[in-house]
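Understanding the architecture of this molecule
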Amino acid sequence: MPDPAAREAAEQASAFSHPAVPPDATAAYGEHPDQVVDFYAPRTGTGRAPLVVALHGGAWRAPFDRLHLGPFADFLARRGFAVANVEYRRGPGLPHQGGTAPVAGRWPETFDDVAAALDALPDLAAAHLPSADPHRMVLTGHSAGGQLVLWAAARHVLPAGSPWRLPEAPALRGVVALAPIAHFERSRELDVCGGAVTQLLGGEEGYEERAAGTDPARLLPTGIATTVVQGREDFTVPAEVADAFVEAAAKAGETVGLTLLEDVGHFALIDPAADACAVVAEELAQLAF
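Residues numbered from 1 in each chain as written. Predicted model: local features only at pLDDT ≥ 70, side-chain atom pairs only at ≥ 80, totals over all residues. Heavy atoms only, no water.

Points about the packing of helix α2 (residues 70-78) against helix α9 (residues 275-288)
At a minimum axis distance of 11 Å, the contact between α2 and α9 shows a crossing angle of 55°. Regarding the angle of α2 to α9, the classification is oblique. Handedness of the α2/α9 crossing: right-handed. Contacts between α2 and α9 involve F72, F75 and L76 from the former and C277, A278, V280, A281 and L284 from the latter. Taken together, the residues that form the contact of α2 with α9 break down as 8 nonpolar, no polar and no charged. (Axes fitted to C-alpha atoms, helices over the stretch in contact; angles between N-to-C directions. Helix = DSSP H or I, 4+ residues; strand = E, 2+ residues; numbered from the N terminus. Parallel < 35°, antiparallel > 145°, perpendicular 65-115°, else oblique. Left-handed = near helix turned anticlockwise from the far one by under 90°. Contact = heavy atoms within 4.5 Å. Nonpolar A, V, L, I, M, F, W, Y, C, P; charged D, E, K, R; others polar.)

And the structure:
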């Protein structure tokens, strides 16, 4: 059996080896440099195409931005999707106290940005990606981005008084979350990404109150069709996290699809050269078309 860390490193190297793919258009949804969306027009088909909104991972930390998801966005565009690759504010890039990794997330700016981007997308797409059909919108996100898209689909069930709460369910065909950090308590037990969940919410002080409005496992049921795609050999976000989220959904009376991929780790899900990426595209197509 391959060493899990070595497998993960090889998968990451492959996923990050693809040349950058410039978008067809870029638009701002706010004034901060990170408040932008890259649009990729569908390369095949005629007429308007389903809109896939993609949020990148990277443990909500500054070194990872949307550029590494560009080849994945292009892969989906070549499959006939219109794609919006969303950037958002992440950790400030400084090491966390007592550690070497940068701080994960900015509270509350990370969530401010995701909410603002999703609210602005229909108008932005109409102006910059007229081939997109916002009435056939599917969210997808990888790792930390998977948590963010699950959260975005649950804004109508946020606690009363939340500034991000929507009065009704967002108009989505569904969510395909890729190895998402979808269950905060299980992630903290496993120390996923070196304490990133706790850092995302600003530390231990106030953690419980903030988690109540941000942990996807506590925001169920949503009534939004949801599928999780997870590699069984994921070393970065272990499959136990996906299992815990699916179990929480079942306890809340909601069925969440779970596609477990054998001999797949964390990064193959967004690697156009990997078979797992084709599985992701098919899951998106099942919801969008």
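Considering the packing of aromatic side chains
With the rule as written, the count across this model stands at 8 aromatic pairs. Centre to centre, the rings of F16 and F64 are 6.2 Å apart; their planes meet at 90°, and the pair counts as edge-to-face. Of this pair, F16 sits in the loop between α1 (4-15) and β1 (25-28) while F64 sits in the loop between β3 (49-55) and α2, and the two are 48 residues apart along the sequence. What makes F16 partly exposed here is its relative accessible area of 35%. Considering the side-chain rings of F111 and W164, the 5.6 Å spacing of their centres and the 40° angle between planes classify their relative orientation as tilted. Of this pair, F111 sits in helix α3 (residues 109-128) while W164 is found in the loop between α4 (144-152) and β6 (174-178), placing the two residues 53 residues apart along the sequence. Neither F111 nor W164 differs from the other in exposure class; each is buried. Ring pairs connect the aromatic residues W107, F111, W151 and W164, which therefore count as one cluster. (Phe/Tyr/Trp six-rings, centres within 6.5 Å; stacked < 30°, edge-to-face > 60°. Buried < 20%, exposed > 50% of the residue type's maximum accessible area, 1.4 Å probe, protein only.)

Any link to function would need more than the numbers given here.
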